[in-house]
Amino acid sequence: MNVDHVKSPMPQSRLDVVSDEITALEGSLSLVRARLQRPRAADQMLARMAAMLAACGNERPGTPGFAARVACDALGERAKSIRLNARPTLPAMSVVLCAHHVDAALCAMRDVAPLLSCAGAEMLLADGGDDPEVALLASVVRHLRVIGGDGAARACNAAVRAARAEWVILMDAAESVPRSWVLPPPDCAWVGVAGTARLVQVGVPLGDVAADLPAWRLVVSRQNWEAAGGLDAEMVDGQGLELADLCQKLRLLGVRLVPVGDAALVQVAPPDRVRAWHAMDAFRARWGDSAPRPA
């Protein structure tokens, strides 16, 4: 009797397993750090009371000017440890920090600020309007440009238009800080875990991970970004579909997409089902019916 012997797949090396675990832990640690740096309720109340007393000398209580002054003073106390250098005349790269909450933005800026001058980079904060305090950061953090827009995608597009460097790095404030500031070759774009995971879900795998840069959502030249038209706000589903759509357009332009984060480690937030269905309908209308429906 002939018996077919099926070879079992090669086990993943211990070093690979440890590396994956470290990457996952770093992402979790970044979120924990953001929560820990959020002021305690008692401290926050005392800081707000102090800001209110200080504001009384300049504004009348109960007016919009008084409320704005109190909010800026309280936020300035939390952001006083952040030091951004003056923007370079000719930046080597433009870092667009995508932040939905002021606590995550403050945590990311504390970590990134010391690295920017070494890399010759400028920073722009894309404010999609989820947290009104994010807009106030421009008045309390010197040399920071906050670019607002109607939603995260439009804010990112506006920030990239305002960027001055040849290369643009989209960075998620909720992830860990990158270990290096290297750039891809001119004909490539580096795709982070959110875009990579979404492309895999819609049937467009990108191959092996080329580098460990979990905080980077996308690294692309401004020329290719502008040629592709940036992020489509209609594709936003809360899970990175707008990044997958942009990557598909970059592929049509001949840009080679290289993953720089393990898509298996991405933490997907529960979707807004109505928004997810509308976004997927738009994606399928553009790219065909092979994309699966959101669960």
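Residues numbered from 1 in each chain as written. Predicted model: local features only at pLDDT ≥ 70, side-chain atom pairs only at ≥ 80, totals over all residues. Heavy atoms only, no water.

Caption draft 1: Spotlight on the pairing of strand β2 (residues 121-127). Counting buried positions along β2 yields seven of seven residues, so the element is predominantly enclosed. By the alternation rule, side chains of β2 split into A121, M123, L125 and D127 and E122, L124 and A126, which are all buried. The pairing of strand β1 (residues 93-99) with β2 spans seven bridges and is parallel. Directly across from V95, in β2, lies its bridge partner M123. With four bridges connecting them, β2 and strand β3 (residues 145-148) associate as parallel partners. Note that in β3 the partner of L125 across the bridge is V146. (Buried < 20%, exposed > 50% of the residue type's maximum accessible area, 1.4 Å probe, protein only. Helix = DSSP H or I, 4+ residues; strand = E, 2+ residues; numbered from the N terminus. Pairing = 2+ DSSP bridges.)

Caption draft 2: Region of the structure containing the environment of C107. Note on placement: C107 falls in helix α4 (residues 102-119). Sequence separation between C107 and A79 is 28 residues, and the spatial gap between their C-alpha atoms is 9.4 Å.

Caption draft 3: How the structure looks around the sheet that holds β2. Taken together, seven strands build an open sheet; the order of strands is β3-β2-β1-β4-β6-β5-β7 and the sheet is mixed. Only two strands of the sheet have a single partner each, and these edge strands are β3 and β7 (256-259). In this sheet, neighbouring strand axes are inclined to one another by 25 degrees on average, regardless of whether the strands run parallel or antiparallel. The strands that helix α6 (residues 152-162) touches are β1, β2, β3, β4 (167-172) and β6 (216-221); relative to β3, the one it contacts most, it runs at about 135 degrees. (Axes fitted to C-alpha atoms, helices over the stretch in contact; angles between N-to-C directions. Contact = heavy atoms within 4.5 Å.)

Caption draft 4: Representation of unusual backbone geometry in the model. Phi at H143 is positive, roughly 70 degrees, even though this residue is not glycine. Examined against the element boundaries, H143 turns out to sit in the loop between α5 (132-140) and β3.

Caption draft 5: Representation of the packing of aromatic side chains. On inspection of all chains with the given rule, the structure shows two aromatic pairs. Residues W190 and W216 carry aromatic rings whose centres are separated by 6.4 Å and whose planes lie at 20 degrees to one another, so their mutual orientation is stacked. Of the two residues, W190 is situated in strand β5 (residues 188-191) and W216 in strand β6; the sequence distance between them amounts to 26 residues. Overall, W216 belongs to the buried group, its relative accessible area being 1%. Ring geometry for F283 against W287: centres 6.5 Å apart, planes inclined by 50 degrees, an arrangement best described as tilted. With F283 and W287 both in helix α10 (residues 273-287) and four residues apart, this pair spans about one turn of that helix. Owing to a relative accessible area of 2%, F283 belongs among the buried residues under this scheme. W287 sits in the partly exposed class, given a relative accessible area of 24%. (Phe/Tyr/Trp six-rings, centres within 6.5 Å; stacked < 30°, edge-to-face > 60°.)

Caption draft 6: Quick look at the nonpolar core. In this structure, V96, L170, L218, W225, L231, L250 and L257 are the most contacted members of the largest nonpolar core, which totals 39 residues. Excluding anything up to four places from it in sequence, V96 contacts L124, A126, A159, V160, V168, I169, L170 and M171. (Core = buried A, V, L, I, M, F, W, Y, C linked by side-chain atoms within 4.5 Å.)

Caption draft 7: Layout of helix α9 (residues 241-252). With 12 residues, α9 extends 17 Å from end C-alpha to end C-alpha; this agrees with the ideal 16 Å at 1.5 Å per step. The buried fraction of α9 is high, at 10 of 12 residues. Phi turns positive one or two residues past the end of α9, at G254, with a value near 90 degrees. (Expected span 1.5 Å × (residues − 1).)

No statement about biological role is implied by the geometric values presented.
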